[in-house]
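# Remarks on the overall topology
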Amino acid sequence: MADDSTSAFRAGRTGLIVRIPEAEPSVRRWRERLDPSAQAGVPAHVTVLFPFLDESRMDPLVHSALADVLGRHQAFDLRFERCGRFPHVLHLVPEPDTRLRQLTEAVADRWPEAPPYGGRFAEVVPHLTIAQGQEDAALAEIEADLAGRLPFTAHVSSVELMVHDGVKWRERASFALGR
């Protein structure tokens, strides 16, 4: 849901995320200004799979299959100690990211017609976007501000299905990870 233009936010588009509420105190003010997904209603998160299936395909069978696929994975903790960068993007780096990668792979394997980021990237790198579309100087300022707010730990126990209604992203369902 991050690293994509707002034109990708069309009615019926869906994505799977893990919420990171522990990040909000540190990143909210930056995300609200500089991350289009935050402006469109997406909380601080790490994307599991975007775009996912169109909302028109979200039926009880898909929900059941998601619950099964995601329920096979145990809940886990992440630590956010540092920032990382992609071109014109500042993000927090979740460590370790192995479990996040496994969630993405499991969902993408079950629904090969929905490759991560539409297949645009050879490697999917789990991250929590803070700002995008900014020059290096602006990203450096944000990174300096965040230095005193790190590290923090987050507990991941579910994956949320987000749906764009044409105006905002809304949580449609939550799928518990195994205990």
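As the structure is a prediction and not an experimental result, all values here were calculated from the model.

With that settled, the discussion passes to the packing of helix H3 (residues 60-71) against helix H4 (residues 98-110). Packing of H3 against H4 leaves a shortest axis separation of 10 Å and a crossing angle of 145 degrees. Relative to H4, the crossing made by H3 is right-handed. In contact with Ala65, Leu66, Val69 and Leu70 of H3, H4 contributes Leu103, Ala106, Val107 and Arg110. Residues that form the contact of H3 with H4 fall into these classes: seven nonpolar, no polar and one charged.

Quick look at the environment of Trp111 now. The residue Trp111 is located in the loop between H4 and strand S5 (128-132) in this model. Every residue in contact with Trp111, bar those within four places of it in the chain, is listed here: Phe52, Leu53, Val62, Ala65 and Leu66.

Summarising burial for strand S7 (residues 158-164): seven of the seven residues are buried, a large majority. Neither face of S7 is exposed, since Ser158, Glu160, Met162 and His164 on one face and Val159, Leu161 and Val163 on the opposite face are all buried. Relative to S7, strand S1 (residues 14-19) runs antiparallel, the two sharing four bridges. From the neighbouring strand, Gly15 faces S7, where its bridge partner is Met162.

Applying the stated rule across the entire model yields 16 salt bridges. One salt bridge connects Asp145 with Arg29, and the closest N-O pair in it is separated by 3.4 Å. One end of the pair, Asp145, is in helix H5 (residues 136-147); the other, Arg29, is in helix H1 (residues 24-34), and 116 residues separate them in sequence. According to the relative accessible area criterion, Asp145 is partly exposed, its value standing at 24%.

This paragraph deals with the side chain of His45. Positionally, His45 belongs in strand S2 (residues 45-49). Since its relative accessible area comes to 3%, His45 is described here as buried. A distance of 2.8 Å separates the side chain of His45 from the backbone oxygen of Pro43, its partner in a polar contact. At a separation of 3.3 Å, a polar atom in the side chain of His45 contacts the side chain of Thr47.

Attention shifts here to the packing of H1 against H5. When two helices pack together, their arrangement is captured by the angle between the axes and the distance separating the axes. Running from N to C, H1 and H5 cross one another at 160 degrees; their axes reach a closest spacing of 10 Å. Considering their axes alone, H1 and H5 lie roughly antiparallel with respect to each other. As H1 packs across H5, the resulting crossing turns out to be right-handed. Taken together, the residues of H5 that come into contact with H1 (itself represented by Ser26, Val27, Arg29, Trp30 and Leu34) are Glu141, Ile142, Asp145 and Leu146. By residue class, the composition of the contact of H1 with H5 is five nonpolar, one polar and three charged.

With that settled, the discussion passes to the side chain of His127. Locating His127 in the fold gives a position in the loop between H4 and S5. Relative accessible area serves as the criterion here: at 6%, His127 is assigned to the buried category. Among the polar contacts listed, one links the side chain of His127 to the backbone oxygen of Val125, at a separation of 2.6 Å. A polar contact of 3.4 Å, which involves the side chain of His127, links it to the side chain of Thr129.

A word on the confidence of the model for the protein chain. Model confidence for the protein chain is summarised by a mean pLDDT of 94, while 96% of its residues fall at 70 or above. Across residues 2-6 the pLDDT falls below 50, and counting only partners more than four positions away or on other chains, this stretch makes 16 contacts in the model.

Okay, the packing of aromatic side chains next. To describe a pair of aromatic rings, you give the distance between the ring centres and the angle between the ring planes. In the structure shown here, the tally under the stated rule is four aromatic pairs. Here the aromatic rings of Phe80 and Phe152 are separated by 5.0 Å at their centres, their planes lie at 20 degrees, and the arrangement is stacked. Of this pair, Phe80 sits in strand S3 (residues 76-86) while Phe152 is found in strand S6 (residues 152-156), placing the two residues 72 residues apart along the sequence. Here Phe152 falls in the buried class, since its relative accessible area comes to 11%. Seen from their ring centres, Tyr117 and Phe121 are 5.6 Å apart, and the 80 degrees between their planes marks the pair as edge-to-face. According to the relative accessible area criterion, Tyr117 is buried, its value standing at 7%. Under the relative-accessibility criterion, Phe121 is labelled partly exposed at 39%. Positioned above the aromatic ring of Trp111, the side-chain terminus of Arg110 is 4.6 Å from the ring centre.

Conventions used here
Residues numbered from 1 in each chain as written. Predicted model: local features only at pLDDT ≥ 70, side-chain atom pairs only at ≥ 80, totals over all residues. Heavy atoms only, no water. Axes fitted to C-alpha atoms, helices over the stretch in contact; angles between N-to-C directions. Helix = DSSP H or I, 4+ residues; strand = E, 2+ residues; numbered from the N terminus. Left-handed = near helix turned anticlockwise from the far one by under 90°. Contact = heavy atoms within 4.5 Å. Nonpolar A, V, L, I, M, F, W, Y, C, P; charged D, E, K, R; others polar. Buried < 20%, exposed > 50% of the residue type's maximum accessible area, 1.4 Å probe, protein only. Pairing = 2+ DSSP bridges. Salt bridge = Lys/Arg side-chain N within 4 Å of Asp/Glu carboxyl O. Polar contact = N/O pair within 3.5 Å; in protein donor to acceptor, adjacent residues only side chain to side chain. Parallel < 35°, antiparallel > 145°, perpendicular 65-115°, else oblique. pLDDT = per-residue confidence, 0-100. Phe/Tyr/Trp six-rings, centres within 6.5 Å; stacked < 30°, edge-to-face > 60°. Lys NZ or Arg CZ within 6 Å of the ring centre and 35° of its normal.

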